[in-house]
Amino acid sequence: MLVIQDLHKQFGNLRAIDGLSLSVNTGEILVLMGPSGCGKSTTIRTINRLIEPDQGTILFHDTNILSMEPDELQKLRKRIGFVFQHFNLISRLTALENVMFGLVMSGMDRETAQNKANDALAKVGMEGHLDHKPAQLSGGQQQRVGIARALAYEPELMMWDEPTASLDPILVREVLVVMEELARYRASTMIVVTHELSFALRVADRIVLMDKGKIVEEGKPSQVFVNPISDIGQKYKELIE
Ligand code: ADP
Ligand code: MG
């Protein structure tokens, strides 16, 4: 589905991504891990060009995303869902309206948008909170609305950038449970950036470890966390033991 080749991105003198290549298969659940600042967010943000890389190729179904015109890019972004650490819901809108908003803005009629938003909110267990505004929801519930907002587009690929990192520890679990369920049903192909080791162990088809803008190791969790070949892999192994 996705083939990234020789990707580079520099911020000033800092090489945030330094010759990264990675392929993702349709249906795969890939967990991307590595120390803070190693380039995980930059990498996934280049995939829908929230960040423009300096060099490289990103093929999505054999089309180079980096040479897409604005109208093609706009269509592409509907096929790729993004769940962020900070969910940025619109405070004056209800949960249902937050999920409908983007759909309606992109030209969908209200009735279809409402049906899709209802379905997406049910998938994340938020059907009982449709009329609640973000301030009336816990952080975990707000993030589940954030997930529903991405799901409503029925994206082929979902990218998750530390979706539990800003949550209170007691709220992390409810979001991980939803993520795990979506992964199990193969709701979409997924690239998940997370520090949640137990989630990675249970759910990932493949773990990809990054360090200093490069991929240093990849493989099944049973391989990467048991017989790591990289220093970073060794550190994760020690955390699990
Ligand atoms: P990660 O998500 O793995 O924590 P990032 O991809 O966010 O890492 O960042 C990689 C490196 O690039 C870090 O050193 C970070 O400080 C730097 N960086 C990221 N975005 C910017 C930016 N817009 N301007 C300058 N430096 C940035
Ligand atoms: Mg990050």
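Residues numbered from 1 in each chain as written. Chains lettered and ligands numbered in written order. Predicted model: local features only at pLDDT ≥ 70, side-chain atom pairs only at ≥ 80, totals over all residues.

A few points about the sheet that holds strand β9 (residues 206-211)
The strand order across the open sheet formed by six strands is β6-β7-β8-β3-β9-β10, and the pairing between neighbours is mixed. Since the sheet does not close on itself, it has two edges, and those belong to β6 (80-83) and β10 (214-219), each with one partner. Geometrically, the sheet is characterised by an average inter-axis angle of 20 degrees between neighbouring strands, direction not taken into account. Pairing between strand β3 (residues 29-33) and strand β8 (residues 189-193): four bridges, direction parallel. Residue pairing for β8: V31 is matched across the bridge by V192. (Pairing = 2+ DSSP bridges. Helix = DSSP H or I, 4+ residues; strand = E, 2+ residues; numbered from the N terminus. Axes fitted to C-alpha atoms, helices over the stretch in contact; angles between N-to-C directions.)

Notes on the sheet that holds strand β2 (residues 14-24)
Across the sheet, which stays open at both edges, the four strands sit in the order β2-β1-β4-β5 with antiparallel pairing between neighbours. Unpaired on one side and paired on the other, β2 and β5 (63-64) mark the two borders of the sheet. Strand direction decides the pairing type here: strand β1 (residues 2-11) and β2, joined by eight bridges, are antiparallel. What sits directly across from V3, in β2, is S23. Against the sheet, helix α1 (residues 40-47) contacts β1, β2 and β4 (55-60), and its axis sits at roughly 60 degrees relative to β2. (Contact = placed C-beta atoms within 7 Å.)

Quick word on the site of ligand 1
Lining the immediate surroundings of ligand 1 are F11, L14, A16, G34, S36, G37, C38, G39, K40, S41 and T42. Counting only elements with at least two residues in the shell around ligand 1, the list comes to β2 and α1. A total of three residues in the shell around ligand 1 trace back to one element, the largest contributor, which is α1. (Near = placed C-beta within 6 Å.)

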